[in-house]
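What the coordinates show
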2 protein chains.
Amino acid sequence: MKKCLLAVVAGVGLIAGGALLSNTKAAAVKAQPTGPVFDADGKLKLPTGYRRWVFLGAPLTPNGLNNGKAGFPEYHHVYVEEKNLDVYLKTGSFPEGTVIVKELTRVLDPTFPDGSRSEPSGRGYFNGVYNGMDVTVKDSKRFAKTNGWGFFNFGHHPEPYAEASTEASASECAGCHAAYVAKTDMTWVQFYPMLRGK
Amino acid sequence: MKKCLLAVVAGVGLIAGGALLSNTKAAAVKAQPTGPVFDADGKLKLPTGYRRWVFLGAPLTPNGLNNGKAGFPEYHHVYVEEKNLDVYLKTGSFPEGTVIVKELTRVLDPTFPDGSRSEPSGRGYFNGVYNGMDVTVKDSKRFAKTNGWGFFNFGHHPEPYAEASTEASASECAGCHAAYVAKTDMTWVQFYPMLRGK
């Protein structure tokens with residue numbers, strides 16, 4: 001009888017273990033950082049899940065203040081995975097494999113020439129539709145020629161975005177980052193309260 | 001022998017179950033949503049960890065476009081916990097206990113009267129220092145008089161913010177929400193791509 005009971009308890013233990021494993025795996029899949037994924041042609045695949053990463057800041061370059069054609073139209077929502085942010089906050093540089101996503105949104109239905117509109121909270125800017133994405137990836141070997149970071153453009157237009165992106169030329173992206181922010185890990189940390197800590 | 005083997009397997013199963021339970025608990029502690037915390041006087045304590053919650057959007061009401069004195073100066077970074085966002089996306093309303101944080105930042109060193117400045121990415125607005133916080137809490141019983149939501153102001157100024165906040169009067173906050181967004185769970189969902197889904 002004792003042995004039977006043990007067998008039953010054992011069975012429950014195994015089942016419970018299995019259930020927990022299953023839950024743990026499910027949770028891990030949901031929250032698991034993906035890192036950069038390259039296809040067979042070396043193109044970067046469109047990141048997923050980034051809207052639930054840690055938000056760093058929201059520069060805004062409205063078309064209305066840029067002769068109708070901002071280089072990055074118009075809000076820039078910038079995200080990074082929590083584990084990579086934590087390394088940055090501890091060391092001052094991002095670890096290998098860091099992906100930084102800048103997703104654009106238009107401004108919401110402008111009524112003033114500068115792109116702003118009036119709402120109960122005041123005159124200003126409000127997020128319109130999603131409008132494209134730029135991504136940087138840190139890989140010191142793969143992107144040695146551009147200070148260890150690769151730059152990718154998935155289109156500056158409403159969804160759907162490109163499914164994969166070829167590395168942008170240095171003149172398109174990395175050149176400007178190298179000219180202005182080479183000393184801060186090729187990243188415009190001065191614009192992000194989360195990275196400045198204030 | 002078979003029974004012995006079973007007992008050993010059972011033991012491993014139990015140990016594995018225990019280890020997994022322990023890991024699951026540890027993970028839960030790290031990521032555990034806190035929900036609203038009220039002190040003995042019924043004041044809402046300053047939320048913590050919210051900068052790593054899910055970001056919803058960034059309305060911007062610059063002082064430069066609001067006679068030098070925006071009601072909410074100036075960027076509004078809005079965050080909600082992932083589990084509450086998921087319920088909203090499934091049901092169209094936030095669950096009891098939802099906390100929505102709106103943290104303000106100033107704009108970065110304006111050089112134009114409208115509060116904007118020029119950077120390599122274009123003319124526009126960039127996040128300056130953190131500048132205060134407003135919080136809403138859903139609790140249909142506690143805040144029955146204001147459509148189930150309580151409104152709290154932790155100051156509109158640089159850190160440190162108030163450690164706790166008394167519920168704001170209806171005329172200060174809830175009145176405007178009730179007038180404009182009573183039908184969308186007292187929340188300005190029209191400004192947040194994450195809630196609109198586009």
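What follows concerns the packing of aromatic side chains. Scanning the model with the defined rule gives 24 aromatic pairs over all chains in all. Here F94(B) and W149(B) contribute two aromatic rings whose centre-to-centre distance is 6.0 Å and whose plane-to-plane angle is 90°, an arrangement assigned as edge-to-face. Placement of the pair is F94(B) in the loop between α2 (82-91) and β4 (99-107) and W149(B) in strand β8 (residues 149-153), with a sequence separation of 55 residues. Across the pair, W149(B) and F94(B) agree in class, each one buried. Here a set of aromatic residues connected by ring pairs shows up, and it is made of Y50(A), F55(A), Y79(A), Y50(B), F55(B) and Y79(B). Directly above the aromatic system of Y130(B) lies the positively charged group of R51(B), at a separation of 3.5 Å from the ring centroid. Above the plane of the ring of F38(B) lies R142(B), whose end atom (NZ or CZ) is 3.6 Å from the centre.

Moving on, we come to α2(B). Residue and element names in this part refer to chain B. If you check which residues of α2 are buried, you get N84, L85 and Y88. All buried residues of α2 project into a common sector of 100° when viewed along the axis, lining one side. Across α2 from its buried face, at more than 90 degrees, point the exposed residues K90 and T91. Tucked inside the fold, the buried residues of α2 contact β2 (54-57), β3 (75-80), β4 and α4 (193-196).

Attention shifts here to the side chain of D134(A). Residue and element names in this part refer to chain A. Tracing the chain through its elements places D134 in strand β7 (residues 127-138). At 2.8 Å, the side chain of D134 forms a polar contact with the side chain of H156. Filtering out sequence-adjacent residues up to four positions away, D134 remains in contact with F72, I100, V101, K102, F152, N153 and H156.

Quick look at the side chain of T136(B) now. Residue and element names in this part refer to chain B. Mapping T136 onto the fold places it in strand β7 (residues 127-138). Overall, the relative accessible area of 13% leaves T136 in the buried class. With sequence-adjacent residues up to four places away left out, T136 is seen in contact with T98, V99, I100, W149, G150 and F151.

Reading the values: rules and limits
Residues numbered from 1 in each chain as written. Chains lettered and ligands numbered in written order. Predicted model: local features only at pLDDT ≥ 70, side-chain atom pairs only at ≥ 80, totals over all residues. Heavy atoms only, no water. Phe/Tyr/Trp six-rings, centres within 6.5 Å; stacked < 30°, edge-to-face > 60°. Helix = DSSP H or I, 4+ residues; strand = E, 2+ residues; numbered from the N terminus. Buried < 20%, exposed > 50% of the residue type's maximum accessible area, 1.4 Å probe, protein only. Lys NZ or Arg CZ within 6 Å of the ring centre and 35° of its normal. Arc of directions from axis to C-beta. Contact = heavy atoms within 4.5 Å. Polar contact = N/O pair within 3.5 Å; in protein donor to acceptor, adjacent residues only side chain to side chain.

Coordinates in, geometry out; function isn't part of it.
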